[in-house]
Amino acid sequence: MVPPVAWTRTLASLRRGTTCAVAPATLWLFGLSGCADPCLDDGLGQSACPTQDAGTDSAGSSGSSGSISASATDSESATMTAGSLSASGSGSESGTGASDTEASGSSSATADSSASASASSDGGSDGSSSGGGGTLWCPDTDMDGFGDADGCVNADDPPPGTVDNDDDCDDGDPTTFPGAAPLDDRDACMHDGDGDDWGDDAPGPGIDPGSDCDDDDAATFPGAAELDADPTACTRDGDGDGWGDANPGGTAVPGADCFDGNDALNPDTMALGVFVDDPSGDPVFASVDPTDAALTAVAPLDTPGAWNPVSATIDETGTIVVNNDAQNRLYRVDYLGVCGGDPEGETTPAQQAHGIDIFCGISFGQDGVLYGVQNATDELAVLDPLTGLVVSSMPLQQGGAPFDAASCGMTFDCHEQRLLYAHGPGGDIFSLDPATGALTLLADTDLVWSPTGLAYDPIDRVVWVAGDTVLHRIAIDGSNTVEVIGDFDFGPGGDVTVSNLEVLPICG
Ligand SMILES: [Ca+2]
Ligand SMILES: [Ca+2]
Ligand SMILES: [Ca+2]
Ligand SMILES: [Ca+2]
């Protein structure tokens, strides 16, 4: 049986106030763009997508265009080509005062600098060349077509290795020259080390700064993640899905893509989901409407005889792992084939049962390590997702004291790169240090949850908690803000108990 096309609120569609009405097969097979903007920046930003934003924003924000005559900070250059650079003048250093008009004016001046330089040399103003006319020829050591103002000579014919301009602000680097970063400024002398046409925002002396916050990575530049909250921020989109890396490192702005190495996983393709029984009693994967907790069956599951999915998690590759408490065993679950027409989603057992009764929560952490918390022993365990076996374990503790795991849920905060832990009896959310087993309180509510499920929302950076039959949305910024969303149900009158809430890929 192929399920009907469902109307699903992905994380992104919720934010946009839209519902993604895309046929399952279409959504899954065609890159899962879903409701996304089809105009994905290729890094060059010139062909498929409008570049007005880039040009306008960069010129306006950096203000560096006016400092095109930073080359004039080179005293020799200033002396040699005083006439040619006078249009930009010393005022160019003011940066913020450089308007677009000034920028274009100085650009023109620079573009004509060789001619001006030639004129000035013809006029004999260059003391270093001994009269007699000719053209000013400047060494171009890095062969980028722009000359070093230091060492220019007058001659009728060009000496070997020279060009007829002195516009290079770094003649030892072929990636630094006027116009190297055209998306920042078509004329300013900038460094573009990664070739994404955006200029290094922290270049060496004498080079105009651009707005590339990581000039060693062509996937990082202003507007790289056009689907994120600030589409002009300097973000990293490693997988090209339009969503920015949640943990980009360096000075790039974190986005909402927890899986920036996999373009099939992002807020447009993922939604709150649960493994439950449908109203007929058949096991299914169902999406959860974050506005009212309503359940919609997405895919039927071909489950083993005993099926009690207590906790679910997903890794960077899209592999979904469920702890089937009925068999004390991990299962890989692939329901997405259903979106393409397969009759049922696959559930594949790990090689061996871990034998633990109960893992109240499991979650992939950093570097793909799978963690689980054992109720009986109050320990944090490392699990091998392939063999299913426990690799190691350590006691949970809070402030050095033993901690009673009780009912729990687990998930991963991809922004802070930390495990999150929901403690049912106390209604608390903790971060969990996998190196020490230490719990640190993030949210303290008066609620009580049993069973307990936990999922992290990478757009709003809050958590979703399933407490028995009720969905909650809880802040983890210290404000303890709680929203009670509603009862999980497939329709009025049939509340459903949930313990394995997670943000998972969706179809339909
Ligand atoms: Ca050069
Ligand atoms: Ca660059
Ligand atoms: Ca870059
Ligand atoms: Ca991405």
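The preceding data block contains the structure.
Reference entry: report on the structure contained in this document. (Residues numbered from 1 in each chain as written. Chains lettered and ligands numbered in written order. Predicted model: local features only at pLDDT ≥ 70, side-chain atom pairs only at ≥ 80, totals over all residues.)

**Topic: the sheet that holds strand S2 (residues 153–155)**
With respect to topology, three strands assemble into an open sheet ordered S2-S1-S3, the strand pairing being antiparallel. The open sheet is flanked by S2 and strand S3 (162–163), the only strands paired with a single partner. Sheet topology note: the strand S1 (residues 135–139)/S2 ladder contains three bridges and is antiparallel. The residue bridging leucine 136 from the neighbouring strand is asparagine 154, located in S2. (Pairing = 2+ DSSP bridges. Helix = DSSP H or I, 4+ residues; strand = E, 2+ residues; numbered from the N terminus.)

**Focus on the sheet that holds strand S17 (residues 379–383)**
With antiparallel pairing, four strands are arranged side by side in an open sheet as S15-S16-S17-S18. Only two strands of the sheet have a single neighbouring strand rather than two, namely strand S15 (359–364) and strand S18 (390–395). Sheet twist, expressed as the mean angle between neighbouring strand axes with direction ignored, is 25 degrees. Bridge count for strand S16 (residues 370–374) against S17 is five bridges, and the pairing is antiparallel. Along S17, the bridge assignment pairs glycine 372 with alanine 381. (Axes fitted to C-alpha atoms, helices over the stretch in contact; angles between N-to-C directions.)

**Let's talk about the nonpolar core**
By size, the foremost hydrophobic cluster in this structure holds 115 residues, and its most contacted members are Ala286, Val373, Met410, Leu420, Tyr421, Ile429 and Val463. Ranked by the residues each element gives to this core, the list is headed by strand S8 (residues 270–277), at six residues. Split by domain, this core shows at least three residues from each of two domains, domain 1 (52–218) and domain 2 (270–505). Those residues in contact with alanine 286 that sit more than four places away from it in its chain are Gly273, Val274, Val276, Leu295, Thr296, Ala297 and Val298. (Core = buried A, V, L, I, M, F, W, Y, C linked by C-beta atoms within 7 Å. Buried ≥ 20, exposed ≤ 12 C-beta atoms within 10 Å, placed from the backbone. Domains from an automatic or database assignment. Contact = placed C-beta atoms within 7 Å.)

**Thoughts on the pairing of S17**
The loop that links S16 with its antiparallel partner S17 comprises four residues; one of these, aspartate 378, has a positive phi angle of about 55 degrees. Pairing between S17 and S18: five bridges, direction antiparallel. Among the inter-strand pairings, alanine 381 is bridged to a residue of S18, identified as serine 393. Hairpin connection of S17 to S18: six residues between the antiparallel strands, including glycine 388 at a positive phi of 85 degrees.

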